[in-house]
Amino acid sequence: MTDRPEIAHLGSTTLSTADIDKSLWFFRDLLGMEEVARDGDSVYLRAFQELEHHSLILKDSNVNQLESVSWRTKRPEDVEQFARQLHDSGIETVEAPAGTKKGQGDSIRFFTPHGGHPFELYYDIDKPQAPEAIRSKLPSNSSTRRGLGVRRIDHVNLHTAADAVGPTEAFLRDGLGFKRRESFSAPGGGPLVATWTSVTPQVHDVAVVANPGNAVGQLHHVAFNVESYSDSLTAADVLRDHDVQIDLGPGKHGIGQAMFLYVRDPGSGHRIEIYAGGYLIFAPDWEPINWKAENFADGLTWYGEPFPLANHAMSETTSSTSKLI
């Protein structure tokens, strides 16, 4: 019997932006990401503790939308195995040959059923050295810490229609191997409203949450990790001083137990979370935590400015209307 294919970790997101210069200023100059390469209308970036080619691609466009969420598989053969598995499930996939994205090998692309989000799976990825001027002496870092020092991509939060949350999570779990870590269901045994899932020891590599507009294929935010709570507080100071819009925070989530700061990329309006702390899960028999309605407010905001429960999603700005290739 053939081993099931597996996903190793979140690799990158591709975000289109209507003002790529402002977006570059935000991600590269303020957050401190390294500009690794340019290719046509795309700019490739990574954080200072990322050795792989990129974790963010900014695409120059006249729209602001989520272009893809890319996942690296555990083995080279897993890409083809996933392709066969998806085909057998009736999910259309498109093959993207090596080099379609700079530094990245062969991949497959598809929209998640029910949720409608653009996913990509790949294994091969270049690991270039940073330019000597910013190269770190620490071999576990790709470059020196600059700007606000985001150190890696952490997770994505995807929104979809209320009746699509449960089926989307089922696809992530049964089709791609994600595990439910925490969740919230409607009172009285109602449907799943929000779920936090992962393939790593993190509480979530991807969250799926119902949005108030009942639209599919929405991006709520992309999170980048900083080293400490104080780093997130410093980020609030610096970003406020540069007139970057702060949506919420700084505060601490009960779910995941991490410090949050939600801000907007001034070039695109995409919401970005500056994320610090949190807990890790190593137990193989972890029992998912399901939050109840009476304490869900604590899950969203343990302390700090309360998350707006009347409209817990805040507002989405992007959708996955892009083509697969």
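Residues numbered from 1 in each chain as written. Predicted model: local features only at pLDDT ≥ 70, side-chain atom pairs only at ≥ 80, totals over all residues. Heavy atoms only, no water.

1. Some details on the domain arrangement of the protein chain
Each assigned domain of the protein chain is listed here: domain 1 (7-134) and domain 2 (152-315). Averaged C-alpha coordinates put domain 1 and domain 2 at centres separated by 21 Å. On the side of domain 2, 38 residues touch domain 1, which itself brings 41 residues to the contact. Interface area for domain 1 against domain 2, summed over the two sides, is near 2,900 Å², with a carbon-plus-sulfur share of 77%. (Domains from an automatic or database assignment. Contact = heavy atoms within 4.5 Å. Buried area = accessible area lost by both parts, 1.4 Å probe.)

2. Comments concerning the nonpolar core
Residues Phe26, Phe27, Trp71, Leu176, Phe224 and Leu239 are the most contacted members of the largest nonpolar core, which totals 73 residues. Shared between two domains, this core holds at least three residues of each, these being domain 1 (7-134) and domain 2 (152-315). Those residues in contact with Leu239, other than ones at most four positions away along the chain, are Phe26, Leu30, Leu148, Val244, Leu261 and Val263. (Core = buried A, V, L, I, M, F, W, Y, C linked by side-chain atoms within 4.5 Å. Buried < 20%, exposed > 50% of the residue type's maximum accessible area, 1.4 Å probe, protein only.)

3. Here we look at the UniProt feature "domain: VOC" (unreviewed entry) in the protein chain
Per the UniProt entry, the sites bearing "domain: VOC" (unreviewed entry) are residues 9-124 and 152-277 in this numbering. As annotated, residues 9-124 has a helix share of 21% and a strand share of 40%, and its two end C-alpha atoms lie 13 Å apart. Between the C-alpha atoms that bound residues 152-277 the distance is 13 Å, and the span itself is 20% helix and 45% strand. (UniProt positions renumbered as here; feature names shortened; annotations may be inferred. Helix = DSSP H or I, 4+ residues; strand = E, 2+ residues; numbered from the N terminus.)

4. With respect to the packing of aromatic side chains
Centre-to-centre distance and the angle between the planes together describe a pair of aromatic rings. Enumeration according to the criterion identifies 10 aromatic pairs in this entry. Ring centres of Tyr262 and Phe307 lie 6.0 Å apart, and the angle between their planes is 75°; this geometry places the pair in the edge-to-face category. Highlighted residues: Tyr262 in strand 15 (residues 258-264) and Phe307 in the loop between helix 5 (296-300) and strand 18 (318-319), separated in sequence by 45 residues. What makes Tyr262 buried here is its relative accessible area of 3%. Pairing Tyr279 with Trp286 gives two aromatic rings, centres 6.0 Å apart and planes at 40°, and the pair type is tilted. Using a relative accessible area of 27% as the deciding quantity, one classes Trp286 as partly exposed. Ring pairs connect the aromatic residues Trp71, Phe110, Phe119, Phe171 and Phe178, which therefore count as one cluster. Residue placement shows Arg72 over the ring face of Tyr123; its charged tip is 4.5 Å from the ring centre. (Phe/Tyr/Trp six-rings, centres within 6.5 Å; stacked < 30°, edge-to-face > 60°. Lys NZ or Arg CZ within 6 Å of the ring centre and 35° of its normal.)

5. Some words on a negative patch on the surface
A grouping of Asp21, Asp39, Asp41 and Asp60 is seen on the molecular surface, where their side chains present a negatively charged patch. Mapped onto the elements, Asp39 comes out in strand 2 (residues 34-39). (Patch = residues over 30% accessible without salt bridge, like charges linked within 9 Å, V, L, I, M, F, W, Y side chains within 5 Å. Areas by Shrake-Rupley, 256 points an atom, 1.4 Å probe, with all protein chains shown as cover. Salt bridge = Lys/Arg side-chain N within 4 Å of Asp/Glu carboxyl O. Lys, Arg positive; Asp, Glu negative; His and termini not counted. Charge placed at Lys NZ, Arg CZ, Asp CG, Glu CD.)

6. Topic: a nonpolar patch on the surface
On the surface, a cluster of nonpolar side chains totalling about 330 Å² of accessible area is made up of Tyr229, Trp302 and Tyr303. A relative accessible area of 30% means that Tyr229 is categorised as partly exposed.

7. Topic: the environment of Ile7
Along the chain, Ile7 turns up in strand 1 (residues 7-17). Owing to a relative accessible area of 3%, Ile7 belongs among the buried residues under this scheme. Sequence spacing of Ile7 and Leu172 is 165 residues, and the spatial spacing of their C-alpha atoms is 11 Å. Those residues in contact with Ile7 that lie beyond four places of it in its chain are Trp71, Arg72, Thr73, Lys74, Phe82, Leu121, Leu176, Phe178 and Val199.

8. So, the side chain of Thr168
Structurally, the position occupied by Thr168 is in helix 3 (residues 165-176). Judged by relative accessible area, Thr168 falls into the buried class, the value being 3%. Within the structure, Thr168 has its side chain in polar contact with the backbone nitrogen of Gly115 (distance 3.1 Å). With sequence-adjacent residues up to four places away left out, Thr168 is seen in contact with Pro113, His114, Gly115, Thr160 and Val208. (Polar contact = N/O pair within 3.5 Å; in protein donor to acceptor, adjacent residues only side chain to side chain.)

9. Comments concerning the pairing of strand 10 (residues 179-185)
In terms of burial, strand 10 is a largely internal element, 5 of the 7 residues being buried. Here strand 10 pairs with strand 11 (residues 192-198) via 6 bridges, running antiparallel. The residue of strand 11 that forms the bridge with Ser183 is Thr195. Between strand 10 and the antiparallel strand that follows it, strand 11, lie 6 residues; Gly188 among them carries a positive phi value of about 75°. With 3 bridges joining them, strand 10 and strand 17 (residues 289-291) adopt parallel strand pairing. Each residue of the ladder has a partner; that of Ser183, found in strand 17, is Asn290. (Pairing = 2+ DSSP bridges.)

10. Describing unusual backbone geometry
Pro250 follows Gly249 through a cis peptide bond whose omega is 5°. Within the secondary structure layout, Pro250 lies in strand 14 (residues 246-252). Positive phi, normally seen in glycine, also occurs at His114, with a value near 75°. Structurally, the position occupied by His114 is in the loop between strand 7 (107-111) and strand 8 (118-122). One non-glycine residue with positive phi stands out, namely Asn214, at about 60°. Position of Asn214 relative to the elements: it lies in the loop between strand 12 (206-210) and strand 13 (218-225).

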